[in-house]
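Residue-level structure breakdown
Each chain is listed here by its residues.
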Amino acid sequence: MTVQYHHFFELLSFILSIVFYQSLKEKKLEAFAPFLGITVVVEVLAANWHIWSPRNDILYNIYLLISYPFQLAVFKNVLQLNQKQKLIFNIFSFLFILVAAFSIIFLTGIFTFNNYYYMSIQLVNICFSVLILFKIVTNDDKDYSLLKNPYFWIFGACFLFGLGSLSVVSLRQLILNYNLMINGKHIYQVIMPFLIVILYTSYSYGFYLCKKQVTK
């Protein structure tokens, strides 16, 4: 069984999301728990998928379809939308997942990783993360500390991961064509785990801050 180093950071964030679940619920972040649970299972399966098949594209395609609604739920809750905005958000979310499912099943095929859907997810994540970050940065509270705000760590990391992964995925074919490697691995195979470590470490710290703020 293959377990890669970044899996431990994903597992840690999942464990903390369970341990601090009530605190996350207070901060409207409870959807992270099922999202991270699914992520840990899928990542470990993907690392060992070669036992059954040389390509794990189908696993990631299904994962993105199943898990992304949980991320959308987090954004909707944290943005604190009014009724009209929630309706628009729900319609957007439904259409987004519907188009993604159609694209995966009928265009690229479920056995080929859908780069367009993945890149669309990262673009949406970047947009919503920017909205949340802008909201907390413009907070008028004089006692406000940005570095102690769990949203800053969680959505700041989401923003950086989105930018980084978009760049890597966009250049993936170029990396393969020119065989750009570091220590025997293609560059994207080195950069993506590093981005994942930053993302889930920030998630973990953000969850800890949730607990710290709620128990004051």
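Each remark here, short or long, concerns the structure printed above.
Conventions and cut-offs
Residues numbered from 1 in each chain as written. Predicted model: local features only at pLDDT ≥ 70, side-chain atom pairs only at ≥ 80, totals over all residues. Heavy atoms only, no water. Helix = DSSP H or I, 4+ residues; strand = E, 2+ residues; numbered from the N terminus. Rg over C-alpha atoms; globule rule 2.2 N^0.38 Å. Buried < 20%, exposed > 50% of the residue type's maximum accessible area, 1.4 Å probe, protein only. Contact = heavy atoms within 4.5 Å. Lys, Arg positive; Asp, Glu negative; His and termini not counted. Charge placed at Lys NZ, Arg CZ, Asp CG, Glu CD. Axes fitted to C-alpha atoms, helices over the stretch in contact; angles between N-to-C directions. Parallel < 35°, antiparallel > 145°, perpendicular 65-115°, else oblique. Nonpolar A, V, L, I, M, F, W, Y, C, P; charged D, E, K, R; others polar. Left-handed = near helix turned anticlockwise from the far one by under 90°. Expected span 1.5 Å × (residues − 1). Polar contact = N/O pair within 3.5 Å; in protein donor to acceptor, adjacent residues only side chain to side chain.

Broken down by element type, the chain carries 8 helices and 2 strands. For the chain, the N- to C-terminal ordering of α and β elements is α-α-α-α-α-α-α-β-β-α. Radius of gyration (C-alpha) of the chain: 18 Å, near the 17 Å computed for a compact globule of 216 residues. Once the C-alpha set of the chain is aligned to its principal axes, its extents read approximately 55 × 40 × 30 Å. Out of the 216 residues in the chain, the part that is buried amounts to 43%. Summarising the internal contacts of the chain: among those between residues at least 6 apart in sequence, 74% fall at separations of at least 24. Positive and negative side-chain charges of the chain, numbering 15 and 8 respectively, have mean locations separated by a distance of 2 Å.

Attention now goes to the packing of helix H4 (residues 57-79) against helix H5 (residues 83-108). At a closest axis distance of 11 Å, the pairing of H4 and H5 adopts a crossing angle of 170°. With respect to H5, the axis of H4 lies roughly antiparallel. Every residue of H5 that contacts H4 at Asn61, Leu65, Tyr68, Pro69, Leu72, Phe75 and Lys76 is listed here: Phe89, Asn90, Ser93, Phe96, Ile97, Ala100, Ala101 and Ile104. For the contact of H4 with H5, the residue count by class is 11 nonpolar, 3 polar and 1 charged.

What follows covers the packing of helix H3 (residues 32-47) against H4. Orientation of H3 relative to H4, taken along the N-to-C sense of each, is 165°, at an axis distance of 9 Å. As summarised for this structure, H3 and H4 are arranged roughly antiparallel, according to the angle between their axes. When the axes of H3 and H4 are compared, the crossing they make is left-handed. On H4, the residues that touch Phe32, Pro34, Phe35, Ile38, Thr39, Val42, Glu43, Leu45 and Ala46 of H3 are Leu59, Tyr60, Tyr63, Ile66, Ser67, Phe70, Gln71 and Val74. In terms of residue class, the contact of H3 with H4 is made up of 13 nonpolar, 3 polar and 1 charged.

Moving on to H5. Taking 1.5 Å per residue as the helical rise, H5 with its 26 residues ought to reach 38 Å, and the 36 Å between its terminal C-alpha atoms agrees with that figure. You can read the cap of H5 off the contacts: a side-chain oxygen lies 3.2 Å from the backbone nitrogen of lysine 84, and it is on asparagine 82. Trailing H5 by a residue or two, glycine 109 shows a phi angle of about 90°, which is positive.

Looking at the secondary structure, you find leucine 95 in helix H5. Along the sequence, leucine 95 and valine 19 sit 76 residues apart, while their C-alpha atoms lie 34 Å from each other.

In this fold, leucine 81 is placed in the loop between H4 and H5. Those residues in contact with leucine 81 that sit more than four places away from it in its chain are Lys76, Lys86 and Phe89.

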